[in-house]
Amino acid sequence: MALLLAQLSDFHLDGTARSTERALRVMDHLRALPTAPDALLVTGDIADHGAPEEYREAAGLLTAPFPVLCCPGNHDERRAYREVLLGEAAEPGPINRAHRVGDAVVLMCDATIPGRNEGWLAPETVSWIDATLTAFGPGVPALIAFHQPPVALHHPLPDGSCLGDTEELAELLAAHPQVVALLTGHAHTAAVSLFAGVPVVVAPAVTWTLRMPWESDDPADRAAPPGLAFHVLDDDRRLTTHFRVVS
Ligand SMILES: [Fe+2]
Ligand SMILES: [Fe+2]
């Protein structure tokens, strides 16, 4: 049966009324849908400063009658994220989680480097992805989500902090053709590209929208409404994405 997945990214919760209102707006929208998604994917920059109180707010906001699957972004802080959002011990290592959603598996991966904006897949994360995809096997279609896109998007802001050292990711995709798509955030713009022959879908941000260089010299459109993506994964492993804004 086809899966319906929603994706939100880049809440940047900072304790302001603005960030709270925008997060509530998109979550209320999803919670009120006539048909609930099979899962919601949240691809990082949940908090703006990585502060425990920002994750306390996130824990409340991200409550839904469907599974909410998260990965961290460069604005997140692993210890507070683990302790407050996940209710786990405050350990500093990468936060990688695999979730079975219907007939598929969704890998929520930690592509962050503490203290840096650019991303990479640490050796332990590469090994975890490889072992997880091997364990589920080629019969289970897989989606891999992480924060920083593995490709340039033609804007200096995201392109200056995209995922580096992508050879390992290309090797993983070659070894595991059941990976249907890569789902990311970080760029604050709804975008679609290709990496190693696999679709890359970049979710729009909840906080603000990136203006491209040919649109404006001011990159941050704070008046644009928060965006979201809906992904439909067909039984024949075809992913179709619909982008929305929530006014
Ligand atoms: Fe962000
Ligand atoms: Fe980011």
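Calculation rules
Residues numbered from 1 in each chain as written. Chains lettered and ligands numbered in written order. Predicted model: local features only at pLDDT ≥ 70, side-chain atom pairs only at ≥ 80, totals over all residues. Heavy atoms only, no water. Pairing = 2+ DSSP bridges. Helix = DSSP H or I, 4+ residues; strand = E, 2+ residues; numbered from the N terminus. Right-handed = clockwise from strand over helix to strand, strands pointing away. Donors = N, O, S within 2.8 Å, 3.2 Å for Na, K, Ca; no water. Salt bridge = Lys/Arg side-chain N within 4 Å of Asp/Glu carboxyl O. Buried < 20%, exposed > 50% of the residue type's maximum accessible area, 1.4 Å probe, protein only. Contact = heavy atoms within 4.5 Å. Tetrahedral: all angles 85-135°; square planar, octahedral: opposite > 155°, others 65-115°.

Asks: Help me out: how do you make sense of the pairing of strand β3 (residues 68-71) in this one?
Replies: Look at any regular strand and the pattern is simple: side chains alternate between the two faces of the sheet. Where strand β2 (residues 39-43) and β3 come together, four bridges link them in parallel fashion. Pairing of L40 across the sheet is with V68, part of β3. Read as a crossover between parallel neighbours, the route from β2 over helix α2 (residues 52-61) to β3 is right-handed.

Asks: Is there a simple way to think about unusual backbone geometry in this case?
Replies: Of all residues except glycine, most have a negative phi; of all peptide bonds, most are trans. Positive phi is not limited to glycine here, since D45 has a value of about 50 degrees. You can see D45 is positioned in the loop between β2 and α2.

Asks: In this structure, what is going on with the coordination of the iron ion (ligand 2)? I would like to understand it.
Replies: In an ideal tetrahedron of four donors about a metal, each angle is 109.5 degrees. In an ideal octahedron of six donors, the angles are 90 or 180 degrees. Around the iron ion (ligand 2), the protein contributes the donor atoms D45 (OD), N74 (OD1), H147 (NE2) and H186 (ND1), at 2.1 to 2.2 Å from the metal centre. Mapping the donors of the iron ion (ligand 2) onto the primary sequence gives the spacing D-x28-N-x72-H-x38-H. In this structure, the iron ion (ligand 2) lies 3.3 Å away from the iron ion (ligand 1), the two metals sharing D45 as a donor. Here D45 is found in the loop between β2 and α2, whereas its partner H186 is found in the loop between β7 (179-184) and β8 (191-195), with 141 residues between them in sequence.

Asks: Explain the pattern of salt bridges to me, please; I cannot follow it from the model alone.
Replies: Any two side chains of opposite charge can pair, on the condition that their charged atoms come close. Enumeration over the complete set of coordinates arrives at nine salt bridges. Residue R25 is joined to E21 by a salt bridge in which the shortest nitrogen-to-oxygen separation is 2.9 Å. Separated by four residues within a single helix, R25 and E21 lie in helix α1 (residues 17-31), roughly one turn from each other. On the basis of relative accessibility, which here comes to 38%, the residue E21 falls in the partly exposed class.

Asks: Looking at this model, I keep getting lost on the environment of G164. Mind explaining?
Replies: Here G164 is to be found in the loop between α5 (156-159) and α6 (167-175). Residues G164 and W120, spaced 44 residues apart in sequence, show a C-alpha to C-alpha distance of 5.2 Å. In contact with G164, not counting residues within four places along its chain, are G119 and W120.

Asks: Looking at this model, I keep getting lost on the pairing of β2. Mind explaining?
Replies: The buried count for β2 comes to five of five residues, which makes it a mostly enclosed element. Neither face of β2 is left uncovered, since the one carrying A39, L41 and T43 and the one carrying L40 and V42 both have all their residues buried. As paired elements, strand β1 (residues 3-8) and β2 share four bridges and run parallel to each other. Among the inter-strand pairings, L5 is bridged to a residue of β2, identified as A39.

Asks: Which parts of the structure should I look at to understand the coordination of the iron ion (ligand 1)?
Replies: In the first shell of the iron ion (ligand 1), the protein supplies D10 (OD), H12 (NE2), D45 (OD) and H188 (NE2), at 2.0 to 2.3 Å from the metal. One way to put it: the four donor atoms around the iron ion (ligand 1) meet at angles of 88 to 175 degrees, and that makes the site irregular. Sequence spacing of the donors to the iron ion (ligand 1): D-x1-H-x32-D-x142-H.

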